[in-house]
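Summary of structural features
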Amino acid sequence: MMSHFLAGPWLAPKYMLWMWQGFLVTLWLTALVALLATLLGAVLASARTSRSPFLSVPATLYTSLFRNTPLLVQLLFWYFGVPSLFPEGAMDWLNGDHVLHLFGPLALPWPSYEFLSALCGLVFYSTAYIGEEIRSGLRGVPAGQALAAAAIGMTRGQVLRHIVLPQAIRLILPSLLGQYMNILKNTSLTMGIGLAELSYASRQVESETFLAFQAFGVATLLYIGAIALMETAGHRHLRARRLRQGRH
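Overview of the structure. Nothing here was measured: the structure is a model prediction, and the numbers come from that model. (Residues numbered from 1 in each chain as written. Predicted model: local features only at pLDDT ≥ 70, side-chain atom pairs only at ≥ 80, totals over all residues. Heavy atoms only, no water.)

Re the overall build of the chain
Each helix and strand in the chain was counted, giving 11 helices and 2 strands. The linear arrangement of helices and strands in the chain, starting from the amino end, is α-α-α-α-α-β-β-α-α-α-α-α-α. Along the three orthogonal principal directions, the C-alpha set of the chain runs to about 70 × 55 × 45 Å. Sorting the 248 residues of the chain into buried and exposed places 40% on the buried side. Across the chain, the fraction of contacts at a sequence separation of at least 24, relative to all contacts at a separation of at least 6, is 76%. Averaged over its 17 positive side-chain charges, the chain has a centre that lies 24 Å from the centre of its 10 negative ones. (Helix = DSSP H or I, 4+ residues; strand = E, 2+ residues; numbered from the N terminus. Buried < 20%, exposed > 50% of the residue type's maximum accessible area, 1.4 Å probe, protein only. Contact = heavy atoms within 4.5 Å. Lys, Arg positive; Asp, Glu negative; His and termini not counted. Charge placed at Lys NZ, Arg CZ, Asp CG, Glu CD.)

This is how it looks when you write it as structure tokens:
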């Protein structure tokens, strides 16, 4: 099969550009989801470990709901179900051409509704998993450190933010890296709601050129390359941290 791939017709530059553009969408979506899900996961984990049932019970229900529902169903809900709750004219505005002015000359085009739906679906889904990873890290931090911090007058929020959470994140970095890899792979499901990411682009190329092996072969190599880079960067970070700890 590999010899067929090497000897067979190559994809034209136009189709390679489609694949590359889809790959950039995949990377951008992965980065945003990883960032937002980590921030929300820290909040979710803190709520789940809270002594207040008003925080812990909703956090537990959230985790159970999103971990036990298929991701594709959640994406379809955000894309087809949520718009029915919008006021009249909201979808026209969301699908319109807008520009997000950040600062100075820097501006970003308004993302498509497909991208926004994919972002919401993946963030809410991934938050449940990352929150559980962070919660396991919180349990790994010695309780005496929190008690010592409380003894010097720090509030529970300050203890979590300055003492417990930083240590918990360091403890779970390998498993957190695994979750980020899962996010990258899960972006492929967003083709089900029409987002023009890498899997969608490869399907479009295949349907136009009938070069299925080449189209999906390129997509596979791009996914493998991205995962390999993430894994290499994560392992280098962990190795550098262990070396710093060894010097101390």
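Observations concerning the pattern of salt bridges
Per the counting criterion, the structure on display carries 4 salt bridges. The salt bridge involving Arg-48 is made with Glu-132; its shortest N-O contact spans 2.5 Å. Placement of the pair is Arg-48 in helix α2 (residues 13-48) and Glu-132 in helix α6 (residues 113-140), with a sequence separation of 84 residues. Assessed through its relative accessible area of 18%, Glu-132 is described here as buried. Between Glu-132 and Arg-135 there is a salt bridge, with its nearest N and O atoms 3.1 Å apart. One end of the pair is Glu-132 and the other is Arg-135, both in helix α6 and 3 residues apart, which spans about a single turn. Members of the salt-bridge network, linked through shared partners, are Arg-48, Glu-132 and Arg-135. (Salt bridge = Lys/Arg side-chain N within 4 Å of Asp/Glu carboxyl O.)

Concerning the nonpolar core
Ranked by internal contacts, the top residues of the largest apolar core, which has 36 residues, are Leu-29, Val-33, Leu-119, Ile-130, Ile-134, Leu-138 and Val-164. Contributions of two or more residues to this core are made by α2, α4 (71-81), α6, α8 (156-171) and α9 (173-186). A total of 11 residues in this core trace back to one element, the largest contributor, which is α6. For Leu-138, the residues in contact, after removing those within four places along its chain, are Ala-45, Ser-46, Thr-49, Leu-160, Val-164, Leu-165 and Ala-168. In this structure, Phe-23, Leu-184, Ala-226 and Ile-227 belong to the second largest nonpolar core, which totals 17 residues. (Core = buried A, V, L, I, M, F, W, Y, C linked by side-chain atoms within 4.5 Å.)

Let's talk about the environment of Asn-95
Of note, Asn-95 is situated in the loop between α5 (90-94) and β1 (99-103). Each C-alpha atom of the pair Asn-95 and Ala-47 lies 35 Å from the other, and the pair is 48 residues apart in sequence.

Bear in mind that shape data such as this cannot, by itself, settle questions of function.
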